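Close look at the chain arrangement
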Amino acid sequence: MKKEVIVLNCGSSSVKFAIIDAETGETGLSGIAEALGNSDASLSFKLNGNKEKRALPVKAGHTEALNAISEVIASTGVQPIAIGHRVVHGGEKFKQAALVDESVLKAIEDYASMAPLHNMANLKGIITAQEAYPDLPHVAVFDTSFFQTLPKKAFIYALPMSLYREHGIRRYGFHGTSHKFILDSMAKILEKPVSQTSIISAHLGNGCSVSAIEKGQAVDTSLGFIPLEGLVMGTRCGDLDPSLPGTLQKKLGKTVDEISDLLNKQSGLLGISELSNDCRTLEDAAGEGHEGALLAIEIFCYRLAKYIAGYMVAVPTLDAIVFTGGIGENSSLIRETTMGYFAHFGIRLDEQRNTDARFGQGGKISTDTASTAVYVVPTNEEWVIAAEAATFA
């Protein structure tokens, strides 16, 4: 009997959903309700290989979207055993997935100040889904929980310690479900126990992060207090001089919120290139000599290479460097450019393997004589959420 779980990822104006077999990862249904609150709200889904799109009522919200999603799910005849909810921020309270009750709902709300764009949307989705599915266990799976094994030397900022004690100011890390999936997958590929598997995992998409994982434990990660620190991302700046937000606020006459919007939504690949946050668009433009696109790709790869190299310090028993996420899985150029900085480490890519690993194929992309193996592994965060939710059914 299949252990099928509904997986929900509620954003401020969207609801991503899927039905996943918790044991095999098989996805029978997946889709998204988007543009919620707007006149063009719609529901798109793929059921057993067939795609369909439906209009939602004008300015439909999460309730209308989940009602429509529930109808689609009901039409499949699937009897789900649980609902897994992606929640971005779980602070220090949640070291693993949690069965949703009033205390969990309150904690998600309390942590919303650390992820205001995400947690409140996640919370709204959970409450709405509870109304639609009152008899199923609802399980919150947190992006941050995988990183609760970080040592203090990795998560404490060099600020007055009272800020950590009284306000929880520290590095939390995100994309935890993806990095966990990559760790478990690499353990199988290497035929080692998870507890003996050591990797540097690079999750590269519109949001990007690198994690250092030593013998099955996360020991460092590039994303920090919120999902802004670290690598250059699609529209997020990553690391920058901490004096700059205040300086920009004064020079540009902008509010704190406007500066936050600049750093989160107008920077990164988009800001550098002045063209797009989409890596495919930038690669095409770079091929035609677009200076902004060329510079954006160069900076992206250089910063990524520095983080990977830095995390070699944190992973002394390193088995492999692994690329995942939309960019990490599909861009042979990004991988080639990034790993080009590691030639003097004795790490070289095989050109054909690197090309063949695109578009969901994955596999080893380094040469057989490379000092450290390099892999591409397609991620599956939804399967992690489904598997963790199923344990509460």
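Read on for a plain summary of the structure. The model shown is predicted, which means the values in this text are computed figures rather than measured ones.

So, how was this worked out
- Residues numbered from 1 in each chain as written.
- Predicted model: local features only at pLDDT ≥ 70, side-chain atom pairs only at ≥ 80, totals over all residues.
- Heavy atoms only, no water.
- Helix = DSSP H or I, 4+ residues; strand = E, 2+ residues; numbered from the N terminus.
- Rg over C-alpha atoms; globule rule 2.2 N^0.38 Å.
- Buried < 20%, exposed > 50% of the residue type's maximum accessible area, 1.4 Å probe, protein only.
- Contact = heavy atoms within 4.5 Å.
- Phe/Tyr/Trp six-rings, centres within 6.5 Å; stacked < 30°, edge-to-face > 60°.
- Lys NZ or Arg CZ within 6 Å of the ring centre and 35° of its normal.
- Pairing = 2+ DSSP bridges.
- Axes fitted to C-alpha atoms, helices over the stretch in contact; angles between N-to-C directions.
- Lys, Arg positive; Asp, Glu negative; His and termini not counted.
- Salt bridge = Lys/Arg side-chain N within 4 Å of Asp/Glu carboxyl O.
- Core = buried A, V, L, I, M, F, W, Y, C linked by side-chain atoms within 4.5 Å.

Tallying secondary structure elements over the protein chain gives 15 helices and 14 strands in all. Against the 2.2 N^0.38 benchmark of 21 Å for 393 residues, the protein chain shows a C-alpha radius of gyration of 21 Å, consistent with a compact globule. With respect to the principal axes defined by its C-alpha atoms, the protein chain has extents near 60 × 55 × 45 Å. Each of the 393 residues in the protein chain was classed as buried or not, and the buried ones make up 52%. Counting contacts in the protein chain only where the partners sit at least 6 residues apart, residues at least 24 apart contribute 62% of the total.

Next up on the list: the packing of aromatic side chains. Aromatic ring pairs are defined here through the distance separating the ring centres and the angle between the ring planes. Counting across every chain of the model gives eight aromatic pairs. Ring centres of Phe 155 and Tyr 164 lie 5.7 Å apart, and the angle between their planes is 55°; this geometry places the pair in the tilted category. Overall, Phe 155 belongs to the buried group, its relative accessible area being 6%. With a centroid separation of 5.6 Å and 55° between ring planes, the pair formed by Tyr 302 and Tyr 341 is classed as tilted. Placement of Tyr 302 in helix α11 (residues 291–311) and of Tyr 341 in the loop between α13 (332–339) and α14 (351–356) is noted, with a sequence separation of 39 residues between them. Classification of Tyr 302 by relative accessible area gives partly exposed; the value is 42%. One Lys or Arg, Arg 170, reaches over the ring of Phe 155 and ends 3.6 Å from the middle of that ring.

A few words now on the sheet that holds strand β12 (residues 320–324). Pairing between the strands of a sheet is mediated by backbone hydrogen bonds and can be parallel or antiparallel. Reading across the sheet, the six strands line up as β11-β10-β9-β12-β14-β13 and stay open at both edges, with mixed pairing between neighbours. Here the strands that pair on one side only, and so sit at the sheet edges, are β11 (217–221) and β13 (363–364). Of the pairings in the sheet, the one linking β12 to strand β14 (residues 373–376) comprises four bridges and is parallel in character. From the neighbouring strand, Ala 320 faces β14, where its bridge partner is Ala 373. Contacting β9 (199–204), β10 (208–214), β12 and β14, helix α6 (residues 176–190) crosses the sheet at an angle of about 135° to β9.

Attention now moves to unusual backbone geometry. Look at Ala 35: it is not a glycine, yet its phi comes out positive at around 60°. By the element assignment, Ala 35 lies in the loop between β3 (27–34) and β4 (42–47). The residue His 175 is not glycine, and still its phi comes out positive at about 60°. For His 175, a relative accessible area of 11% gives the class buried.

Let us now look at the pairing of β3. Taken together, the six bridges between strand β2 (residues 15–21) and β3 define a ladder with antiparallel strand orientation. By the bridge assignment for β3, Phe 17 is matched with Gly 31. Hairpin connection from β2 to β3: five residues lie between these consecutive antiparallel strands, with Gly 25 at a positive phi of about 80°. With six bridges joining them, β3 and β4 adopt antiparallel strand pairing. Within β4, the residue paired with Ala 33 across the bridge is Leu 43.

With that settled, the discussion passes to the environment of Val 219. Counting through the fold element by element, Val 219 comes out in strand β11. The spatial distance from the C-alpha of Val 219 to the C-alpha of Thr 149 is 6.5 Å, given a sequence separation of 70 residues.

Attention now goes to the side chain of Glu 4. Examined against the element boundaries, Glu 4 turns out to sit in strand β1 (residues 4–10). Buried within the structure, Glu 4 lacks any salt-bridge partner; Lys 2 is the closest side chain of opposite charge, at an N-O distance of 4.5 Å. Once residues within four sequence positions are removed from consideration, Glu 4 is found in contact with Ile 19, Ile 20, Asp 21, Val 78, Pro 80, Ile 81 and Ala 82.

So, about the sheet that holds β3. Reading across the sheet, the eight strands line up as β5-β4-β3-β2-β1-β6-β8-β7 and stay open at both edges, with mixed pairing between neighbours. A strand with exactly one partner marks an edge of an open sheet, and here the two such strands are β5 (50–55) and β7 (98–99). Across seven bridges, β1 lies against β2 in antiparallel orientation. Following the sheet pairing, Val 7 is matched in β2 by Ala 18.

Another aspect to go through is the nonpolar core. Counting residues in hydrophobic clusters, the biggest one holds 42 residues, and the most contacted among them are Leu 204, Val 210, Phe 300, Leu 304, Ile 321, Phe 323 and Ile 334. Contributions of two or more residues to this core are made by β9, β10, α10 (279–287), α11, β12, α13 and β14. Here this core takes 10 residues from α11, the largest share from any one element. Beyond its immediate chain neighbours, meaning those up to four positions away, Leu 304 contacts Ala 202, Leu 204, Val 210, Leu 231, Phe 323 and Thr 338. Leu 29, Leu 43, Ala 60 and Val 72 belong to the second-largest nonpolar core, a separate cluster that totals 25 residues.

In short, geometric facts, not functional conclusions.
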